Amino acid sequence: QVQLVESGGGLVPPGGSLRLSCAATGSIFSFNRMGWSRLAPGKQRELVATITRGGTTTYADSVKGRFTISRDNAKNMLWLQMNSLEPEDPAVYYCNYRNSLGTDYWGKGTLVTVSS
């Protein structure tokens, strides 16, 4: 089993920044991919960013140039730096871990609110 705990969400004004963190524990071995997704009321879950063990990253078009995903393999940590937050960004953000078998694990999420 894998446990994922997100932190760092909160309330920021438009144009503000937040840094989300995800701590992974449990049966963490040679993970395939980690990432962040978000779920807003009335919308479908959106995969925001991913990063492979080798460091290859992908981003949704909606966040390219504003969000940066990073990780520390030794510490089993994942981060999402979010800059220039927009009114379309509020959501619950979830950390995701996908192992080499393609099994996905999710955290409980952290809430991001953008409001003046």
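Above this text you will find the structure in question.
All values reported here derive from a predicted model rather than from experimental measurement.

Rules used throughout
- Residues numbered from 1 in each chain as written.
- Predicted model: local features only at pLDDT ≥ 70, side-chain atom pairs only at ≥ 80, totals over all residues.
- Heavy atoms only, no water.
- Disulfide = S-S within 2.5 Å.
- Helix = DSSP H or I, 4+ residues; strand = E, 2+ residues; numbered from the N terminus.
- Buried < 20%, exposed > 50% of the residue type's maximum accessible area, 1.4 Å probe, protein only.
- Salt bridge = Lys/Arg side-chain N within 4 Å of Asp/Glu carboxyl O.

Visitor: Even after reading the chapter, I still don't get the state of the cysteines, so can you show me in this structure?
Guide: Two cysteines form a disulfide when their sulfur atoms are joined by a covalent bond. In this structure the tally under the stated criterion is one disulfide. Between the sulfur of Cys-22 and that of Cys-95 lies a disulfide, 2.1 Å long from S to S. Sign of the S-S torsion, about -75° for the bond between Cys-22 and Cys-95, identifies this disulfide as left-handed. Taken together, the residues span a long stretch of sequence, with Cys-22 in strand β3 (residues 18-26) and Cys-95 in strand β9 (residues 91-98) at a distance of 73 residues. Accessibility classification places Cys-22 together with Cys-95 in one group, the buried group.

Visitor: Quick question: what am I supposed to make of the pattern of salt bridges here?
Guide: Opposite charge on two side chains lets them pair, provided their charged atoms get close. Tallying each qualifying case throughout the model produces six salt bridges. With a shortest N-O distance of 2.7 Å, Arg-66 and Asp-89 are connected by a salt bridge. With a gap of 23 residues between them, Arg-66 in the loop between β6 (57-59) and β7 (67-72) and Asp-89 in the loop between β8 (77-82) and β9 connect regions that are remote in the sequence. Comparing Arg-66 with Asp-89 shows no difference in burial state: the two are buried. Within the structure, one salt-bridge network assembled from shared partners comprises Arg-38, Glu-46, Arg-66, Glu-86 and Asp-89.

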